[in-house]
Amino acid sequence: MKFLLSTALAASVLTLPLASAQTPASWTAQRLSAATYVILDPKIEGNPNLVSAEQRASILAAMKRDSAGAIKRRYPRATVTEKAGAPGAIEVRPVFVAPRALLPWNKLGARLEFRLPEGQNVVLSETFGISVLLRYQAEFVNYLYDQLAARLP
């Protein structure tokens, strides 16, 4: 009985809409679809030694390009710029979280960190299995950020 109660309690906590309590009121499809986005320099967290310096530079370039492309595909009327400090722009930092090792059971992570002009932050994150990397190969980063952009309002 005690096990069932704690399992039911855990299940109910997992289904609470926690994000809605933390989401700014201005985080709406109408606003985001016509916004200006500044893509900040991406960063890699976790084990950067899984790839060479040349591969890392290529991944960082893909993160910047593909996160901008994912936002533009989600919101065709939006403007994506590299001009830091553009008035009223939403800053976006793409983040990739590398696993300790490329083993089948390890997970990769991706985040889009949004900073609204009003100072509020919204973070979209997702974890992916190594099999996704193998399946999408050269289009892997594009796939990651498309998955995150699909969760935007």
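These numbers were taken from a predicted model, which means no experiment stands behind them.

1. Considerations on the overall build of the chain
Phase 1 of the analysis: Helices and strands together make up the secondary structure of the chain, namely 6 helices and 6 strands.
Phase 2 of the analysis: Listing each helix as α and each strand as β along the chain from the N terminus yields α-α-α-β-β-α-β-β-β-β-α-α.
Phase 3 of the analysis: Each of the 153 residues in the chain was classed as buried or not, and the buried ones make up 34%.
Phase 4 of the analysis: Once local pairs closer than 6 in sequence are excluded, the contacts in the chain between residues at least 24 apart make up 64%.

2. A short note on the environment of Pro117
Phase 1 of the analysis: Residue position: Pro117 is located in the loop between β5 (107–115) and β6 (121–129).
Phase 2 of the analysis: Exposure remark for Pro117: the relative accessible area of 41% places this residue in the partly exposed category.
Phase 3 of the analysis: Expressed as a C-alpha distance, the spacing of Pro117 and Glu91, which sit 26 residues apart in the sequence, is 7.9 Å.
Phase 4 of the analysis: Those residues in contact with Pro117 that lie beyond four places of it in its chain are Arg31, Gly88, Ala89 and Ile90.

3. Section: the packing of helix α4 (residues 53–74) against helix α6 (residues 140–149)
Phase 1 of the analysis: Packing of α4 against α6 leaves a shortest axis separation of 8 Å and a crossing angle of 40°. The angle between the axes of α4 and α6 places the two elements in the oblique class. Considering only the axes of α4 and α6, their crossing is right-handed. Every residue of α6 that contacts α4 at Ala62, Met63, Asp66, Ser67, Ala70, Ile71, Arg73 and Arg74 is listed here: Val141, Asn142, Tyr145, Asp146 and Ala149.
Phase 2 of the analysis: Along the lines of polarity and charge, the residues of the contact of α4 with α6 split into 7 nonpolar, 2 polar and 4 charged.

Reading the values: the criteria
Residues numbered from 1 in each chain as written. Predicted model: local features only at pLDDT ≥ 70, side-chain atom pairs only at ≥ 80, totals over all residues. Heavy atoms only, no water. Helix = DSSP H or I, 4+ residues; strand = E, 2+ residues; numbered from the N terminus. Buried < 20%, exposed > 50% of the residue type's maximum accessible area, 1.4 Å probe, protein only. Contact = heavy atoms within 4.5 Å. Axes fitted to C-alpha atoms, helices over the stretch in contact; angles between N-to-C directions. Parallel < 35°, antiparallel > 145°, perpendicular 65-115°, else oblique. Left-handed = near helix turned anticlockwise from the far one by under 90°. Nonpolar A, V, L, I, M, F, W, Y, C, P; charged D, E, K, R; others polar.

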